[in-house]
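Observations on chain architecture
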Amino acid sequence: MIDKRINLLVTTIVRVVVEGAPGHLFDGHFPKENGSPLFGPESGLFPKDGKQRRVLVVDDESLIADSVAAILNRNGYAAISRYSGVDAIQSIHEQCPDIIVSDVVMPDLNGIQLAKTVRSICPNARIVLFSGNVDTASLLEDASLEGYFFEILPKPVHPLHLLKALGS
Amino acid sequence: MDSESFTVGNALVPAAPSEAELSHGSHSVPFLGDDASFLESLSEFAGGAVGAGNACLVIATQAHRQALSDRLLLRNIDVPGAIANGRYIAMDAQEMLARFMVDGTPDRELFAQAIEPVLQRAKLGSLSGSKDVTAFDEMVTLLWSEGFYEAAIQLEKLWGELVERLHVSLRCGYPLDGFTSASQHELLRKLFSASPPVVASESSTSQPDEEVHRHLVRSLQQKASVVQLALEERERAMAQRLEAEARLRRTEQFAKHVVESSDDCVKVLDRDGRLDYMSPPGLRALEFTEVSEVLGKRWVDFWRGEDRERAAGALADAMAGGVGSFQGECRSARGTIKSWDVRITPVRSADGEVERLVAVSRDVTELRNAQQVAVQAEKLAAAGRMAATIAHEINNPLEAVTNLIYLAKTTPGVPKEACRQLDIADRELARVAQLAQQTLGFYRDNSRNRWVNIAELIQDVLLLYERKLRIKQIETRVACDPSLAIYGKQGELKQALSNLTANAIDASARGGTIWLRAQGTRDWSHGMQSGIRITLADNGSGMTPEVKRRIFVPFFTTKPTVGTGIGLWVTKSLIEQQGGHLQFRSQQGQKAGTVMSFFVPTGKEESSNEAEANIHA
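Residue positions are given per chain, counting from 1 as you read along its sequence in written order. Chains and ligands are labelled sequentially in the order written, the chains with letters from A and the ligands with numbers from 1. For this predicted model, a pLDDT threshold of at least 70 governs which residues receive local features, and a threshold of 80 or more governs which side-chain atom pairs are given and counted, while totals over whole chains, interfaces and linings are taken from all residues. Side-chain measures were taken over the full set of non-hydrogen atoms in the model, leaving aside hydrogen atoms and water.

A few points about the state of the cysteines
Residue and element names in this part refer to chain A. A pair of sulfur atoms, both from cysteines and within 2.5 Å, is called a disulfide here. Evaluation of the coordinates by the stated rule reveals one disulfide over all chains. Here Cys 96 engages in a disulfide with Cys 122; their sulfurs sit 2.0 Å apart. In this structure, the disulfide formed by Cys 96 and Cys 122 twists by about -90° around the S-S bond and is classed as left-handed. One end of the pair, Cys 96, is in the loop between helix H2 (85-94) and strand E5 (99-103); the other, Cys 122, is in the loop between helix H3 (111-121) and strand E6 (126-131), with 26 residues separating them in the sequence. Where helices and strands are cited, they refer to DSSP runs of H or I of at least four residues and of E of at least two residues respectively, numbered from the N terminus.

A few points about the pattern of salt bridges
Residue and element names in this part refer to chain B. Salt bridge, as applied in this entry: a Lys or Arg side-chain nitrogen positioned within 4 Å of an Asp or Glu carboxyl oxygen. Taken as a whole, this structure holds 25 salt bridges over all chains when the rule is applied. As a salt-bridge pair, Glu 417 and Arg 420 come within 3.8 Å of each other at their nearest N and O atoms. Within this pair, Glu 417 and its partner Arg 420 are both found in helix H15 (residues 416-439), separated by three residues, close to a single helical turn. Among the salt bridges present, the one from Arg 550 reaches Glu 546, with a minimum N-O distance of 3.8 Å. Here the residue Arg 550 and the residue Glu 546 both occupy positions in helix H19 (residues 545-550), the gap between them amounting to four residues, near one helical turn.

Topic: the sheet that holds strand E14 (residues 337-348) of chain B
All names here are of chain B. Whether two strands pair comes down to DSSP finding at least two bridges between them. With antiparallel pairing, the five strands of this open sheet are ordered in space as E12-E11-E15-E14-E13. Here the strands that pair on one side only, and so sit at the sheet edges, are strand E12 (275-278) and strand E13 (324-331). For this sheet, the mean angle separating the axes of adjacent strands, direction not counted, is 25°. In this structure, E14 lies alongside strand E15 (residues 354-363), joined through nine bridges in antiparallel fashion. Interaxial angles span 0 to 180 degrees and are taken between N-to-C directions of axes, which are lines fitted to C-alpha atoms, for helices over the stretch in contact.

Section: the packing of helix H1 (residues 62-74) of chain A against helix H5 (residues 159-166) of chain A
All names here are of chain A. Contact geometry of H1 with H5 gives a least axis separation of 11 Å together with a crossing angle of 60°. Viewed along their axes, H1 and H5 adopt a mutual orientation that is oblique. Regarding H1 and H5, the two cross each other, and that crossing is right-handed. Residues Val 68, Ile 71 and Leu 72 of H1 form the contact with H5, whose own contacting residues are Pro 159, Leu 162, Leu 163 and Leu 166. By residue class, the composition of the contact of H1 with H5 is seven nonpolar, no polar and no charged. Roughly parallel means an angle under 35 degrees; roughly antiparallel means over 145; roughly perpendicular covers 65 to 115; every other angle is labelled oblique. The handedness criterion is simple: a crossing whose near helix is rotated anticlockwise from the far helix by less than a right angle is left-handed, and one whose near helix is rotated clockwise is right-handed. Should any heavy atoms of two residues lie within 4.5 Å, those residues are considered in contact. Amino acids outside the nonpolar list (Ala, Val, Leu, Ile, Met, Phe, Trp, Tyr, Cys, Pro) and the charged list (Asp, Glu, Lys, Arg) are all regarded as polar, and Gly is one of them.

Some points on the confidence of the model for chain A
When pLDDT is low, close inspection of the predicted coordinates is not appropriate. On a scale of 0 to 100, pLDDT captures the predictor's confidence in every residue. Here chain A averages 78 in pLDDT, and 71% of its residues register 70 or above. By mean pLDDT, strand E2 (residues 26-30) of chain A is the weakest element of chain A at 66, and E5 of chain A is the strongest at 94.

Looking at the confidence of the model for chain B
Residues and elements named next belong to chain B. Here chain B averages 78 in pLDDT, while 76% of its residues score no lower than 70. Averaged pLDDT values for the elements of chain B fall to 32 in helix H1 (residues 4-7) and rise to 94 in strand E17 (residues 475-480). Below pLDDT 50 for its whole length, residues 176-182 participates in 17 contacts with residues either more than four positions away or in separate chains. Ignoring residues within four places in sequence, the model shows residues 194-209, a span with pLDDT below 50, making 49 contacts including any to other chains. As a predicted assembly, this complex carries a pTM of 0.39 together with an ipTM value of 0.71.

Looking at H1 of chain A
Residues and elements named next belong to chain A. Along its 13 residues, H1 runs 18 Å from first to last C-alpha, staying within 8% of the 18 Å computed at 1.5 Å per residue. Accessible area is worked out with a 1.4 Å probe on protein chains only. A residue is then buried under 20% of its type maximum, exposed over 50%, and partly exposed in between. Burial within H1 is extensive, with 11 of its 13 residues counted as buried. Ser 62, Leu 63, Ile 64, Ala 65, Asp 66, Ser 67, Val 68, Ala 69, Ala 70, Ile 71 and Leu 72 are the residues of H1 that are buried. Immediately downstream of H1, the backbone of Gly 76 shows phi near 90°, a positive value. The span expected for a helix works out to 1.5 Å for each residue beyond the first.

Shown next, in the form of C-alpha cells:
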C-alpha cells in the first residue's frame, strides 16, 4: 500500500513573458506545501527480484520524474527517478535499466547526451524521450546526423498513453 | 571692308561704306538696277566730286554721258565750266574699250596708255588741291552685260592697280541681272577679290533727302548679291522647319508614348484642381472606360475621408509652387480599393505663374500588401517565440498535474465521488493540453517519420472534437480504408486534419454533416507520386470570394473573438512540409459548403533495422 500526500516540493512560479515587450503576461504560482516528501523509496535502487521491468525516469523537474515513476510502479514496473543527467549516468553505472524515460532539455546534461551514453553502457535498454520544448527537434536532428535515432513523446504525455507506449 | 562679307549668304545687310573709305584711292562697285536709279546714283557721285572742286572723269555711253550732264546741270553744277578747266572729263566707253581691248581681253599696256594721261590731266584741273580724281567707268559694265565676265574682271583689276597708284576714287557699275544665277556667284567673288579696296558703294553723298533712294539702291545691291543665297537660305530654312516640325511631332509622340506606357496614373489638373487629362493606364487602373467620365471633375473628390484632406493639402502645396505628395487609398469606378503614392507638381507658364498641375500616382497596393505581410510575418515570428516560451513553461506543469491526477485517481480506496471528480479534472486538463497545442498553434512534431495509419488518425481527431460535434449535433460520415497508411509525421498530420475539422465544425450549422474520406491515389501533377488524398467536406455556410482569397493569409480570421487567424496558414505549411498540397472549393447560397482536400505523398520507406527497432520495440 502506498500512502502519500501529494506535495509540491518547491514553490514554483511559471512566468510567461513576451520577448522584447515590457512586463510579462502572467505568473502561474504553485506554492510549496509543507509536509513529507511526495514520493518515497522508489527513488533508491531497483528491487532485486528482477521479475519486473526496470525503468529509470529522468527529469530535472523532480515532480514529473517522481510522479511518472510512481505511476509506473503502480502499474507493474520497478521505476526509480533521477533529477539530472549526471545522476542518471551514476545510476546506470550501478545497474542497467530495461527502459529509460528521460526529459530532453535539462541543465547539466541533456536527454540526447544521456541517451547516447545509455546506448553505449546499456545497449539493450530501450530509450524513450519526452519533451515539451520545440527546440528538441533540432537536438534530435543533430543526433540523427550522428546516426542516433530516438523515440520521442510530446509533453504532456497522458499516463495512459505512456503506459501504452511502454507496452503494458 | 572685307569682300567676303558681301558674298556669303548670312551677311544679309552689307554695311554702307564710310566716307573715309570712299574718299581716297577707293574703288566702289554699284549694282545697277535700272537707268533711272543708275543715273541718279551716278549724278550724285560725279556731282559730289565736281561740286567739291575735285576732278571727275566719266567714261560712259553716249546716252549716259548726256543724261548725266543734264542731271548735273539740274543740280546746279557748272558742267561747262568744269569741262573748260579740265575738272570734268567725259569720254565714250565704247571708244575707250576699242583702244585697249585685244582679243576680248584688256591689255595692260594699252589700258595704261589710254587712261593714265587722262587721269593725270584731270588731276591738274582739281580745285581742291588734293589732286584726287573721281572716276566713273561704264566699260566694265559693258563687258559684263555682254557676257565678257573674265574681261570685266580683268579690267576691274587693271583699274584697281591704277586707282592705287594715282589716288583715284573709282566707281564702276554692274547690271543687277548679271548676278542672279549661281554660276555667276563665283565670278562675283572674283570681282570683289580682284583688287584692293574694292567696296560696294551706292553713293558718296549722304544728304537726308536722298535717304529713300539710298535705301532703294542698297536693297537692290543686297538683292543682287544675296538673292540666290536668300533663295537657298529660304529652302534651307524650309527644310529646317519641316525637320523641326517632324522632330516636334516625334517629341510629342514620344512624350505621349512615354506617358501612356507608364503604369502610373498621370493626370493634368487645371488651377481649380479639375482634371484636364488622365493617361489611359490611369483610366484602366481606376476602371473607367471613357476619359469623359473623369474630365472636369475635382481631383480631390476621388479621395475619401482623411485621404481627401491629404489630397487637398498636396494640391495646395503644388499650387504654392512646391511638390505635394501623400499616400492614400482610392476606390476605383467599380469599387476596387487601391493604394496610391501620389506626387503633384506645378507646371509654370513663361511668366512663372502656376498654370496647371501634373499629378502622378503610382499603384502601391502590392507594395502595401507586401509590407503588411512583412509586418504580419514579424508578428508571427514574435508570436512564435511567445508560443515556444509558453509551450515550454506550460507543458511541464501540465505533465505534472496530469500525472498527479492519475495517481490520485488510481489510489486504492479513493471514494467513488472523488474518482469521478478526478476524471472530470483529467478531461478538462486534456482540453487545456489540446488548447495549448492548438491555439499556441506552432505545433512541431519532434518525432521522426513513422508509419501513420490514416483511419486511426481520423478517429483520433474526431475523438478530440467529440464534445463539439455532439453539442452541434453534427453527423460525421467517414470513408477510409483501415489499412491506409503513410510514412510521415503523425503529429503534424493530426494537427493539419484537426485544424480543418475544427473549421468545418465552426462553419456547420446545428444538425449539419461533415464527410471525411481518405483514399490512396497518385498526384498527377507531380510525377505520379503515390500518396493519399484526404477530403473533408461540410454543408456549412461556405465562404465569400473575399474570404476565399485570403484564407491562407496569416492572421486573417472570420472568427475574431476566438480565432488566431493562423489555423489554415499553419495547416497549409504543415502539409507542404510533408511534400503535399492543400486545395479547397467553397460556395455560398443554395448548395453552400466547403470542401478541403489535401494530398500527402506516401513517403519513402525506411527499413533500417535500427529504425524499425525504435518504432516497434
